[in-house]
Amino acid sequence: MSTVTTVVRETKESQVTVELARGTGVARVDTGLKFFDHMLATFARYAGLDLTLRARGDLRHHLMEDVAITLGTAVQRVIPATAARYGERTLPMDDALVQACLDAGGRFYYRGPLKNRLYEHWMRSFCEHSRITLHLRVLRGKDSHHLTEAAFKALGLALRDAMVDSGVVFSMKGSVSLEVK
């Protein structure tokens, strides 16, 4: 059984609690935003992460950003030191075709964009706090729902591949450890 990490973020704008473990992709998500809940549960399922997330906020933007920060922090904590590190998936969903290429090696970079500005900002904030590099390319599609959902699925699958424990460190620098206080 994988170790559960818990991250709590409380500000004047929001309250977010995340419990996360590498597992089978079981998710219990409640943000009060049904489509966002669906995207988070989809991400967890495709990434193979067991997720319990509860969040409330004053504005949709604040809520989504603080969930990205909190979930990103939790994801960073469950990536093994000897992770395969790299993942790539291209995913079709009806008219949408989205590619996610990522490096879970501890450095933040994000390149999009997604059509929806809130989900674009979510991806950037998530990458910053999970310390992953993500290149997300929309190859085809016009439907914002399909593009967003394909992006979360592709991200989840690419992250699942990157988190496989390879038993070796994939870096010429050797193991890099960061102490978070």
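Right, let's walk through the structure included here. In this text, all values refer to a predicted model and were calculated from it rather than measured experimentally.

What follows concerns the side chain of S125. Relative to the helices and strands, S125 resides in helix 3 (residues 117-130). By relative accessible area, which is 6% here, S125 ends up buried. Once you skip the residues sitting within four places of it in the chain, S125 turns out to touch E65 and A68.

We now examine the pairing of strand 2 (residues 14-22). In terms of strand pairing, strand 1 (residues 5-10) meets strand 2 through 6 bridges, oriented antiparallel. When the bridges of strand 2 are listed, V8 appears paired with T17. Between strand 1 and strand 2, which follow one another and run antiparallel, lie 3 residues. Pairing analysis gives 9 bridges linking strand 2 to strand 4 (residues 49-57), with the strands arranged antiparallel. Counterpart to T17 in the pairing with strand 4 is R54.

Inspection of the entire model under this criterion finds 7 salt bridges. In this structure, the salt-bridge partner of R85 is D103, at a minimum N-O distance of 2.6 Å. Taken together, the residues R85 in the loop between helix 2 (60-78) and strand 5 (86-93) and D103 in strand 6 (residues 96-103) connect sequence positions 18 residues apart. Among the residues examined, R85 registers a relative accessible area of 14% and is labelled buried.

Contact geometry of helix 1 (residues 34-47) with helix 2 gives a least axis separation of 12 Å together with a crossing angle of 15°. With respect to each other, helix 1 and helix 2 are oriented roughly parallel. The hand of the helix 1/helix 2 crossing is right-handed. On helix 2, the residues touching F36, L40 and F43 of helix 1 are M64, V67 and L71.

This paragraph deals with the packing of aromatic side chains. Applying the stated criterion across every chain, the model contains 6 aromatic pairs. Here the aromatic residues F35, F36, F43, Y119, W122, F126 and F152 are joined through ring pairs into a cluster of three or more.

It is worth spelling out the sheet that holds strand 2 at this point. Spatially, the 4 strands line up as an open sheet ordered 1-2-4-3, and their pairing is mixed. The outermost strands of the open sheet, each flanked by one partner alone, are strand 1 and strand 3 (27-30). Direction aside, the axes of adjacent strands within the sheet are offset by 5° on average. Its contacts with the sheet put helix 2 on strand 1, strand 2 and strand 4, and the angle it makes with strand 2 is roughly 30°.

Rules and cut-offs
- Residues numbered from 1 in each chain as written.
- Predicted model: local features only at pLDDT ≥ 70, side-chain atom pairs only at ≥ 80, totals over all residues.
- Heavy atoms only, no water.
- Helix = DSSP H or I, 4+ residues; strand = E, 2+ residues; numbered from the N terminus.
- Buried < 20%, exposed > 50% of the residue type's maximum accessible area, 1.4 Å probe, protein only.
- Contact = heavy atoms within 4.5 Å.
- Pairing = 2+ DSSP bridges.
- Salt bridge = Lys/Arg side-chain N within 4 Å of Asp/Glu carboxyl O.
- Axes fitted to C-alpha atoms, helices over the stretch in contact; angles between N-to-C directions.
- Parallel < 35°, antiparallel > 145°, perpendicular 65-115°, else oblique.
- Left-handed = near helix turned anticlockwise from the far one by under 90°.
- Phe/Tyr/Trp six-rings, centres within 6.5 Å; stacked < 30°, edge-to-face > 60°.

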